[in-house]
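Observations on chain architecture
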Amino acid sequence: MKGILKFLSGLNDAKIDSTGDIKVLPRQNGVLLFPISIGKIEKEMSAENIFNFLETELHSKWRNYPLSIVFLYTGNVYSKYGFDSKKNNDYKVEKHKLECTRIINYSNYLTMDAFSFVNWNELFNSDSYVKEKFEELKNIYLSDQMFQNIMKSDLKRAGKSLDSNNINFLLEEMFLPYLFVKNKIDVKDKFTKNTKRFKLICYSGNCLKILLYIHKMNFFNLDKSTNVYQNCFYNYKSKFLFNFDDIDLENVSDLGQYVIDFRKNN
């Protein structure tokens, strides 16, 4: 019996090919979370580009289980920390939503029930746990020298200054998706409802090393999630699934180089 259970549980492991791309999605319902960066909302993460990915690349990995798509718009967090005006960010978000809706409505096979459009504050304020733990995370950062060094490196690589707005912005931008894949917060949709679901973060770029650090350190003991992708991040542009369990934090200085080295050695 134990052997059978182990075999069945293995069916839902994160399966990748030799390039690091997702080979096939798990045999269960799922949710893909797309954090829509305001800086990329009109380009790499435009509605057209995302739906092109869904209809071409993702379709070949899908196992015909119900799959929900969540668009998480970062306009609120951009405005909160002084990056562009709220009015301008809101305009870009609404334009993106309308374009997504147009594509869905004109499709012969997409259903609106499978898509959720969530603003950052809506999810951030959905549970008091989020605000409480985010304040704890900021305090942890202030007392953790390695955390600070990684933040400094990530901001430098992004061409940003090491100031409180940039620091808190990145901490918050990493923390919310982290809680989502750890099943501490959720988005209730009409398509997969309250079923057992895998959850995967999808983004058109590599993750920051501070996200890797937050996962590795597991500050809030969130390691009991059944989500097969609870310690993963998918760069759908480069077709690479970061599995943080397989990455040596101390020996990886740049996650872009990690992808190159992985593909060279496999």
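No experiment lies behind these values; they were computed from the predicted model shown.

A tally of regular secondary structure across the chain gives 10 helices and 8 strands. Against the globule reference of 18 Å for 266 residues, the chain gives a C-alpha radius of gyration of 18 Å, in line with a compact fold. The proportion of buried residues among the 266 residues of the chain is 49%. The contacts of the chain with a sequence gap of at least 6 include a subset with a gap of at least 24, amounting to 75%. Carbon and sulfur atoms make up 50% of the accessible area of the chain, which amounts to about 13,500 Å² in all. Taking the 38 positively charged and 32 negatively charged side chains of the chain as two groups, their mean positions are separated by 3 Å.

Residues of helix H10 (residues 255-264) that are buried: Leu255, Tyr258, Val259 and Phe262. In a view along the axis of H10, the buried residues occupy a sector of 100 degrees, so they form one face of it. Among the structural elements, strand S1 (15-16), helix H9 (209-217) and strand S8 (240-243) are those in contact with the buried residues of H10. At the N-terminal boundary of H10, the capping side chain belongs to Asp254, with an oxygen 3.1 Å from the backbone nitrogen of Gly256.

Looking now at the packing of helix H6 (residues 128-143) against helix H8 (residues 164-181). The contact between H6 and H8 brings their axes to 10 Å, and the two run at 130 degrees. The angle between the axes of H6 and H8 places the two elements in the oblique class. As for the relative orientation of H6 and H8, their crossing is right-handed in sense. Residues Tyr129, Val130, Lys133, Phe134, Leu137, Lys138 and Tyr141 of H6 touch H8, and the partners they reach there are Ile167, Asn168, Leu171, Glu172, Phe175, Leu176 and Leu179. When its residues are assigned to classes, the contact of H6 with H8 shows 10 nonpolar, 1 polar and 3 charged.

What follows covers the pairing of strand S6 (residues 197-203). Most of S6 is tucked away, with 7 of its 7 residues classed as buried. Judged by which residues are buried, S6 turns out to be covered on both faces: Arg197, Lys199, Ile201 and Tyr203 on one side and Phe198, Leu200 and Cys202 on the other are all buried. Judged from the 5 bridges that link them, strand S3 (residues 29-36) and S6 form a sheet pairing that is parallel. Residue Val31 lies in a different strand from S6, and its bridge partner there is Lys199. The pairing of S6 with strand S7 (residues 232-235) spans 2 bridges and is parallel. Each residue of the ladder has a partner; that of Cys202, found in S7, is Tyr234. For the crossover from S6 across H9 to S7, the handedness is right-handed.

As a further point, take unusual backbone geometry. We note that Asn218 has phi near 50 degrees; this positive angle belongs to a residue other than glycine. With respect to the helices and strands, Asn218 occurs in the loop between H9 and S7. Positive phi is not limited to glycine here, since Lys239 has a value of about 60 degrees.

The next subject is the packing of aromatic side chains. One pass over the full model with this rule turns up 30 aromatic pairs. Geometrically, the ring pair formed by Phe34 and Phe53 is edge-to-face, given 6.3 Å between the ring centres and 70 degrees between the ring planes. Here the residue Phe34 occupies a position in strand S3, and Phe53 occupies one in helix H2 (residues 47-58), the gap between them amounting to 19 residues. Taken individually, Phe34 and Phe53 each receive the classification buried, so the pair is uniform in this respect. Geometrically, the ring pair formed by Tyr78 and Phe169 is edge-to-face, given 5.0 Å between the ring centres and 80 degrees between the ring planes. Separated by 91 residues along the polypeptide, Tyr78 in helix H3 (residues 75-80) and Phe169 in helix H8 bring together distant segments of the chain. Assigned by exposure class, Tyr78 and Phe169 land together as buried. An aromatic cluster is built from Phe124, Phe134, Tyr141, Phe147, Phe175, Tyr178, Tyr213, Phe219 and Phe220, whose rings are joined through pairwise contacts. The side chain of Lys184 reaches across the aromatic face of Tyr129, ending 4.9 Å from its centre.

Rules used in this analysis
Residues numbered from 1 in each chain as written. Predicted model: local features only at pLDDT ≥ 70, side-chain atom pairs only at ≥ 80, totals over all residues. Heavy atoms only, no water. Helix = DSSP H or I, 4+ residues; strand = E, 2+ residues; numbered from the N terminus. Rg over C-alpha atoms; globule rule 2.2 N^0.38 Å. Buried < 20%, exposed > 50% of the residue type's maximum accessible area, 1.4 Å probe, protein only. Contact = heavy atoms within 4.5 Å. Areas by Shrake-Rupley, 256 points an atom, 1.4 Å probe, with all protein chains shown as cover. Lys, Arg positive; Asp, Glu negative; His and termini not counted. Charge placed at Lys NZ, Arg CZ, Asp CG, Glu CD. Arc of directions from axis to C-beta. Polar contact = N/O pair within 3.5 Å; in protein donor to acceptor, adjacent residues only side chain to side chain. Axes fitted to C-alpha atoms, helices over the stretch in contact; angles between N-to-C directions. Parallel < 35°, antiparallel > 145°, perpendicular 65-115°, else oblique. Left-handed = near helix turned anticlockwise from the far one by under 90°. Nonpolar A, V, L, I, M, F, W, Y, C, P; charged D, E, K, R; others polar. Pairing = 2+ DSSP bridges. Right-handed = clockwise from strand over helix to strand, strands pointing away. Phe/Tyr/Trp six-rings, centres within 6.5 Å; stacked < 30°, edge-to-face > 60°. Lys NZ or Arg CZ within 6 Å of the ring centre and 35° of its normal.

Read these as geometric descriptors, not functional statements.
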